[in-house]
Amino acid sequence: MILVSNGNYIGSIGLPAQHELDDGYLNVYIVKEGGLSLVSAWKEAKLNDQLDENENNLIHHQLKHLTLHVEPEGNVDIDGEDGGKTPVTITLGDKVTFCIPSESQ
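What counts, and at which threshold
- Residues numbered from 1 in each chain as written.
- Predicted model: local features only at pLDDT ≥ 70, side-chain atom pairs only at ≥ 80, totals over all residues.
- Heavy atoms only, no water.
- Patch = residues over 30% accessible without salt bridge, like charges linked within 9 Å, V, L, I, M, F, W, Y side chains within 5 Å.
- Areas by Shrake-Rupley, 256 points an atom, 1.4 Å probe, with all protein chains shown as cover.
- Salt bridge = Lys/Arg side-chain N within 4 Å of Asp/Glu carboxyl O.
- Lys, Arg positive; Asp, Glu negative; His and termini not counted.
- Charge placed at Lys NZ, Arg CZ, Asp CG, Glu CD.
- Helix = DSSP H or I, 4+ residues; strand = E, 2+ residues; numbered from the N terminus.
- Buried < 20%, exposed > 50% of the residue type's maximum accessible area, 1.4 Å probe, protein only.
- 1 Å grid on protein atoms, 1.4 Å probe; cavity = no way out; pocket = protein on both sides within 12 Å on 5 of 7 lines; lining within 4 Å.
- Points joined across faces, edges and corners; volume = space filled by probe spheres on them.
- Nonpolar A, V, L, I, M, F, W, Y, C, P; charged D, E, K, R; others polar.
- Pairing = 2+ DSSP bridges.
- Axes fitted to C-alpha atoms, helices over the stretch in contact; angles between N-to-C directions.

Student: Pulling in residues and values, what's your account of a negative patch on the surface?
Tutor: A cluster of acidic residues, Asp77, Asp79, Glu81 and Asp82, forms a negative patch on the protein surface. By the secondary structure assignment, Asp79 is in the loop between strand S7 (75-78) and strand S8 (81-85). Judged by relative accessible area, which is 77%, Asp79 ranks as exposed.

Here it is, written out as structure tokens:
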């Protein structure tokens, strides 16, 4: 399983390490065996949030963009919605600025 995120959670499951949301990088986790339950169990067991790639079936990379080709082609799930089939290219979009009015406005 390959997880690509720009946050610290997949649904309600915390990812193994905390990431800055505005650092410009996608966080890519490759889960060799065990699926999402491995990610959850790993997070619960770790105390210091440091990813040790030699310790688990979990690999982490930070990338500016990703093009994923797999054989055979696979399904893409985007936040619970059907994202089609691979190959897929994933990039970060522009930053979003939120303007919050003061109480006097």
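Student: Can you break down the layout of surface pockets residue by residue, with the values?
Tutor: When its volume is computed, the largest pocket comes out at roughly 830 Å³. As for the largest pocket, its lining consists of 22 residues, and the residues nearest its centre are Ile2, Leu3, Val4, Asp77 and Ile78. For the lining of the largest pocket, the secondary structure elements donating two or more residues are strand S1 (2-5), strand S2 (9-10), S7 and strand S9 (88-91). Its residues placed into classes, the lining of the largest pocket shows 13 nonpolar, seven polar and two charged. Its boundaries defined by the atoms lining it, the second largest pocket holds a volume of some 160 Å³. Residues that form the lining of the second largest pocket fall into these classes: two nonpolar, three polar and three charged.

Student: Let's hear about the sheet that holds strand S4 (residues 26-31): which residues, and what values?
Tutor: Spatially, the three strands line up as an open sheet ordered S1-S4-S5, and their pairing is antiparallel. Single-partner strands in this sheet number two, and they are S1 and strand S5 (58-63). Strand after strand, the sheet turns through a mean of 20° between neighbouring axes, direction not considered. With six bridges connecting them, S4 and S5 associate as antiparallel partners. Counted as the bridge partner of Tyr29 is His60 from S5.

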